[in-house]
Amino acid sequence: MGGPETLSPAEVEAQSGAAAVILEQLGRVILGQATVLREALLALMAGGHVLFEGAPGTAKTLLVRTLSRALGLEFRRIQFTPDLMPSDITGVNLLTPAGEFSFRPGPLFADLVLGDEINRAPAKTQAALLEAMQERHVTVDGVSHPLSASFTVFATQNPIEFEGTYPLPEAELDRFLIKSLLGYPPAEAEAGVLLRVLGGFDAADPDSFGVDRVMDAAGLGRLRGAVRRVRVEPSLVEYITALVRATRDAPALTLGASPRASVALLKLSQAAALLEGRDYVVPDDVKRLAPPVLRHRIAVAPELELEGVTPDQALRTILERIEAPR
């Protein structure tokens, strides 16, 4: 069902190889975060936005900066603060000496945008970001301005510090294709980071990353086009539907995932298949990616949350209950 055209073996090999090279470039710089790197790349291949949750210093900014370097895309970082206004990120109309208004684009007008500590921004700024994420354009003074075709938001939030933060509304959370969790790297990887620093690596200097440009915006467009043509059998469409619908009547959950979550899981599964060198999705693709796609779209019942039940644990129960197609 993936589309009218099927991928030829040569196309699968070429696009899968290109994606693998990007992943290899990321692995040169970010150590001990293999799952996160893979999830971030798959989201980019599927054309979706990413929410990173992790303690400070776990290479979230470095990951996005490295990705922009490998793809030759423009990178911008926005530090979200309580006093950040919508115009600070979208841009403003300025009066020129000639007496005419000229639009000055904000930092959203880039390919890869890192929204650092996004949950510190007030509701008005969050709303401005919503339009950009969903429609891929911003409206200033009634005029719509298109964003880059490669426009992708990578947002971060600290899971520990809540003072001075605003909870992200469900409508905004739903627009993130995935929520990726970053933990601390294993001891071996952390020692490797120190050795790299001794060898001249500097996180503030992209030239020290040792990353090659392996793709451009046009190449990313072709990769995304190939993802959309990956085949998905009707039985897997039914499986994805059943998984997402099961979150809506699960006793452990007070909020289930929306139909947008079904679309997200479908697209991400197609990206995973292509990365693995296949032109078809298998049930394991869906199972593996259900947690990052669904964990931020559901809410655990308060009494169970107090007992320490996490969204991932609730999802694991659903995955065990819903039978996958053979």
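That block above? That's the structure.
Quick summary incoming for the structure in this document. In every chain, residue numbers begin from 1 and rise along the written sequence. Predicted model: local features are reported for residues with pLDDT of at least 70 only, side-chain atom pairs are reported and counted for 80 or more only, and whole-chain, interface and lining totals are derived from all residues. Side-chain metrics in this entry use all non-hydrogen atoms of the structure; hydrogen atoms and water are not considered.

1. With respect to the overall build of the chain
Then step 1. Only runs of H or I of at least four residues qualify as helices and only runs of E of at least two qualify as strands under DSSP, and these elements are numbered from the N terminus. From N to C terminus, the chain includes 13 helices and eleven strands.
Then step 2. For 326 residues, the compact-globule estimate of 2.2 N^0.38 gives 20 Å, and the C-alpha radius of gyration of the chain, at 20 Å, lies within 12% of that figure.
Then step 3. Considering only C-alpha atoms, the chain reaches an extent of 70 × 50 × 45 Å along its principal axes.
Then step 4. Summary of the burial criterion: residues with accessible area below 20% of their type's maximum are buried, those above 50% are exposed, and those between are partly exposed, where the area comes from a 1.4 Å probe applied to protein chains only. A total of 326 residues make up the chain; the buried ones form 49% of that total.
Then step 5. Across the chain, contacts joining residues at least 24 apart in sequence account for 78% of those joining residues at least 6 apart.
Then step 6. Of the roughly 15400 Å² that the chain leaves accessible, carbon and sulfur atoms contribute 55%.
Then step 7. Treating the 32 positive side-chain charges of the chain as one cloud and the 41 negative ones as another, the clouds have centres 3 Å apart. In this description the radius of gyration comes from C-alpha coordinates, and the expected globular size is given by 2.2 Å times residues to the power 0.38. Only heavy atoms matter for contacts: two residues are in contact if any of them lie within 4.5 Å across the pair. Methods summary: accessible areas were calculated by the Shrake-Rupley approach with a probe of 1.4 Å, and residue burial reflects only the protein chains presented. The charged-residue count follows a simple rule in which Lys and Arg add positive charge and Asp and Glu add negative charge, with His and chain termini not counted at all. In plain terms, the charge of a residue is placed at NZ if it is Lys, CZ if Arg, CG if Asp and CD if Glu.

2. A word on the pattern of salt bridges
Then step 1. Salt bridge criterion: a side-chain nitrogen from Lys or Arg within 4 Å of a carboxyl oxygen from Asp or Glu. Following the criterion strictly, the structure yields 15 salt bridges and no others.
Then step 2. In this structure, aspartate 116 and arginine 77 form a salt bridge, with 2.6 Å as the shortest nitrogen-oxygen distance. Here arginine 77 lies in strand S2 (residues 75-79) and aspartate 116 lies in strand S5 (residues 112-116), a separation of 39 residues in the sequence.
Then step 3. You can call arginine 77 partly exposed: its relative accessible area is 41%.

3. Description of unusual backbone geometry
Then step 1. Located in the positive-phi region is alanine 59, a residue other than glycine, with phi close to 75°.
Then step 2. Inspection of the secondary structure puts alanine 59 in the loop between strand S1 (49-54) and helix H3 (60-71).

4. Let's talk about helix H5 (residues 123-135)
Then step 1. The terminal C-alpha atoms of H5 lie 18 Å apart, and with 13 residues this matches the ideal 18 Å at 1.5 Å per residue to within 8%.
Then step 2. Here H5 has its buried residues at Thr125, Gln126, Ala128, Leu129, Leu130, Ala132 and Met133.
Then step 3. The inward-facing, buried residues of H5 contact S1, helix H4 (86-90), strand S6 (137-140), strand S8 (152-157), helix H6 (170-173) and strand S9 (176-182).
Then step 4. In the stretch just after H5, arginine 136 is the one whose phi turns positive, near 60°. To estimate the expected span of a helix, subtract one from its residue number and multiply by 1.5 Å.

5. Some points on the sheet that holds S1
Then step 1. The rule for pairing is simple: two strands pair if DSSP sees at least two bridges between them. Taking strand neighbours across the sheet as the criterion, the five strands line up as S2-S5-S8-S1-S9 in an open arrangement whose pairing is parallel. This sheet does not close on itself; its edge strands, each paired only once, are S2 and S9. On average, each strand axis in the sheet is inclined to that of its neighbour by 20°, with strand direction left out of account. All axes are obtained by fitting lines to C-alpha atoms, using only the stretch in contact for helices, and the reported angles, taken between N-to-C directions, cover 0 to 180 degrees.

6. Topic: the packing of aromatic side chains
Then step 1. Each pair of aromatic rings taken from Phe, Tyr and Trp, with Trp reduced to its six-membered ring, is defined by centres within 6.5 Å and is described as stacked if the planes are under 30 degrees apart, edge-to-face if over 60, and tilted in the remaining cases. This structure, assessed with the given rule, holds three aromatic pairs.
Then step 2. Judged by centre distance (6.0 Å) and plane angle (20°), the rings of phenylalanine 52 and phenylalanine 154 are stacked. Highlighted residues: phenylalanine 52 in strand S1 and phenylalanine 154 in strand S8, separated in sequence by 102 residues. Phenylalanine 154 matches phenylalanine 52 in its accessibility class, with the two residues each being buried.

7. Here's the deal with the packing of helix H1 (residues 9-29) against helix H8 (residues 217-228)
Then step 1. With their axes 10 Å apart at the nearest point, H1 and H8 run at an angle of 125° to one another. Considered as vectors, H1 and H8 are oriented oblique to each other. Note that H1 runs across H8; the crossing there is left-handed. Between H1 and H8, the residues in contact are Gln15, Ala19 and Ile22 and Arg222, Leu223 and Ala226, respectively. Roughly parallel covers angles under 35 degrees, roughly antiparallel covers those over 145, roughly perpendicular covers 65 to 115, and oblique covers all other angles. Here a crossing is taken to be left-handed if its near helix is turned anticlockwise relative to the far helix by less than a right angle, and right-handed if that turn runs clockwise.

8. Observations regarding helix H10 (residues 259-275)
Then step 1. Look at H10: 25 Å from first C-alpha to last across 17 residues, which is about the 24 Å you get at 1.5 Å a residue.
Then step 2. For H10, the tally of buried residues reaches twelve of 17 residues, placing the bulk of the element in the interior.
Then step 3. All of the buried residues along H10 are Ala261, Ser262, Ala264, Leu265, Leu268, Ser269, Gln270, Ala271, Ala272, Ala273, Leu274 and Leu275.
Then step 4. Buried residues along H10 sit in contact with H1, helix H2 (34-46), S9, H8, helix H9 (234-246) and helix H11 (283-294).
Then step 5. Two residues or fewer after H10 comes glycine 277, characterised by a positive phi angle close to 85°.

9. As for the side chain of threonine 58
Then step 1. Mapped onto the elements of the fold, threonine 58 is located in the loop between S1 and H3.
Then step 2. Nitrogen and oxygen atoms within 3.5 Å of one another constitute a polar contact, given that in protein one can donate a hydrogen and the other can accept it, and given that sequence-neighbouring residues count only through two side-chain atoms. A polar side-chain atom of threonine 58 sits 2.7 Å from the main-chain carbonyl oxygen of alanine 55.
Then step 3. A polar contact is formed between the side chain of threonine 58 and the side chain of lysine 60, at a distance of 3.3 Å.
Then step 4. The residues touching threonine 58, leaving out its near neighbours within four places in the chain, are Gln33, Leu182, Gly183 and Tyr184.

Fair warning: the whole summary comes from geometry, so function is off the table for now.
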